[in-house]
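# Topology and contacts: notes
So you can see what is in the structure, the chains are spelled out below.
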Amino acid sequence: NGGGLANGQVLGRYENRTWKLRTLHRHSHSAIRNLPRVIEDLATRKSEMKSSRCSRSQGLPTRPVLWAVEGYTFRYGDIVLIKNNDTLPYIAFICDQRNELLTAADDIKLTWLYRVEDVDAACLERAQKSYKYAIVAGKDVFWSFHQDMCPVGSIMGHSNIFLTSRLPSNLQDHLINDEMVCRHVYDAGVMRISSLRTMCTSSTNTKEADKQADITAGMALHPYPYPLAPPQPKPQMREETKAQQCYE
């Protein structure tokens, strides 16, 4: 019999495609029972293809799933919270570009993002005087050159961090709850804070170029969604200063 199903009955939908019962064969019952899973698989595959196309269109590395748990997936380019038993969770950018599914016991490559309280105080003071705007604890984080391999199981979840090379407009008015912004790079080795724009456009060796690529990917994947301040015009050089520089 038809198992209570009528001819023409809708069994499932996915976008513009509809599955209806036409003829119920002897071996069709299992296929009908599995139809919802088939439709779900179609949606998942489309999402994966969309992510891959987006990565290619933006010049990003492909982003296969590295770890999946409780319905959440983690890939290259995600910014995540890492378990810290002492204080607030650590923040890290997944820079691992392997094409394999990891387990909780495996290690994953991360680039650390520093909170304001993790940055050298004297270096922070110099940066604020140089940039002439406030760096806000709890809202600003810093990209770093510090990378580690950490257990996949230490990942707590995704974080709400945006990257921008420009100055946000009214930062504290727009960022809500746990949202934060990364607009600087902190190089602890030389105690220097630079803007993301400087890091992305500087000419360095191959090792540094890999780190530049990660920053570029981060900016493409996590753009700042709120208003930005208008670009500041560059100060005009006086004619005598220009002439003087020609002879230096």
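Residues numbered from 1 in each chain as written. Predicted model: local features only at pLDDT ≥ 70, side-chain atom pairs only at ≥ 80, totals over all residues. Heavy atoms only, no water.

Turning our attention to the overall build of the protein chain. Per the secondary structure count, the protein chain includes 7 helices and 12 strands. Considering only contacts in the protein chain between residues 6 or more positions apart, those separated by 24 or more positions represent 60%. For the protein chain, the accessible surface area stands at approximately 15,500 Å², while carbon and sulfur atoms represent 51% of it. (Helix = DSSP H or I, 4+ residues; strand = E, 2+ residues; numbered from the N terminus. Contact = heavy atoms within 4.5 Å. Areas by Shrake-Rupley, 256 points an atom, 1.4 Å probe, with all protein chains shown as cover.)

What follows concerns the pattern of salt bridges. Summed over the entire model, instances satisfying the criterion amount to 4 salt bridges. A salt bridge links Lys 129 to Glu 125; its shortest N-O distance comes to 3.6 Å. In this pair, Lys 129 and Glu 125 both sit in helix 3 (residues 121-131), 4 residues apart, roughly one turn of the helix. You can call Lys 129 exposed: its relative accessible area is 60%. For Glu 125, a relative accessible area of 46% gives the class partly exposed. One salt bridge connects Arg 183 with Asp 140, and the closest N-O pair in it is separated by 2.7 Å. (Salt bridge = Lys/Arg side-chain N within 4 Å of Asp/Glu carboxyl O. Buried < 20%, exposed > 50% of the residue type's maximum accessible area, 1.4 Å probe, protein only.)

Along the chain, the position of Leu 175 falls in the loop between helix 4 (171-174) and strand 11 (180-187). In this structure the C-alpha to C-alpha distance between Leu 175 and Tyr 224, which are 49 residues apart in sequence, comes to 9.9 Å. Leave out the neighbours within four places in its chain, and Leu 175 touches Lys 139, Phe 162, Met 180, Val 181, Tyr 224 and Tyr 226.

Attention shifts here to helix 3. Among all positions of helix 3, only Cys 123, Leu 124 and Ala 127 are buried. Down the axis of helix 3, the buried side of the element spans an arc of 100 degrees, and every buried residue falls inside it. Away from its buried face by more than 90 degrees, helix 3 exposes Ala 121 and Lys 129. Lining the buried residues of helix 3 we find strand 8 (140-151), strand 11 and strand 12 (192-195). Between the side-chain oxygen of the N-cap and the backbone nitrogen of Ala 122 there are 3.3 Å, and the N-cap of helix 3 in question is Asp 120. Positive backbone phi, at 60 degrees, marks Lys 132, one or two positions downstream of helix 3. (Arc of directions from axis to C-beta. Polar contact = N/O pair within 3.5 Å; in protein donor to acceptor, adjacent residues only side chain to side chain.)

What follows is about the pairing of strand 8. The sheet contact formed by strand 7 (residues 107-115) and strand 8 spans 8 bridges and is antiparallel. Paired with Tyr 114 across the bridge in strand 8 is Phe 142. As paired strands, strand 8 and strand 11 are joined by 5 bridges and run parallel to one another. Within strand 11, the residue paired with Val 141 across the bridge is Cys 182. (Pairing = 2+ DSSP bridges.)

Next up on the list: the side chain of Lys 139. Assignment of secondary structure puts Lys 139 in the loop between helix 3 and strand 8. Nearest to the buried, unbridged Lys 139 among oppositely charged side chains is Glu 179, at 6.5 Å. Reaching out from Lys 139, the side chain makes a polar contact with the backbone oxygen of Glu 179 at a distance of 3.5 Å. Leaving out residues up to four positions away in the same chain, Lys 139 has contacts with Leu 171, Leu 175, Ile 176, Asn 177, Glu 179, Met 180 and Val 181. (Lys, Arg positive; Asp, Glu negative; His and termini not counted.)

Before going further, it helps to spend a moment on the packing of aromatic side chains. The tally for this structure, following the rule as stated, stands at 9 aromatic pairs. Counting every residue linked through ring pairs, the aromatic cluster contains Tyr 76, Phe 93 and Trp 143. (Phe/Tyr/Trp six-rings, centres within 6.5 Å; stacked < 30°, edge-to-face > 60°.)

To continue, consider the side chain of Ser 195. Turning to its location among the elements, Ser 195 is positioned in strand 12. For Ser 195, the contacting residues outside a window of four places in its chain are Tyr 131, Arg 183, His 184 and Val 185.

Time to look at unusual backbone geometry. The phi torsion at Glu 70 lies on the positive side, around 50 degrees, for a residue other than glycine. By the secondary structure assignment, Glu 70 is in the loop between strand 3 (65-69) and strand 4 (72-75). Its identity is not glycine, yet Asn 177 carries a phi of approximately 50 degrees, on the positive side. Note on placement: Asn 177 falls in the loop between helix 4 and strand 11.

So, to be careful, I would describe these as geometric facts and stop short of saying anything about function.
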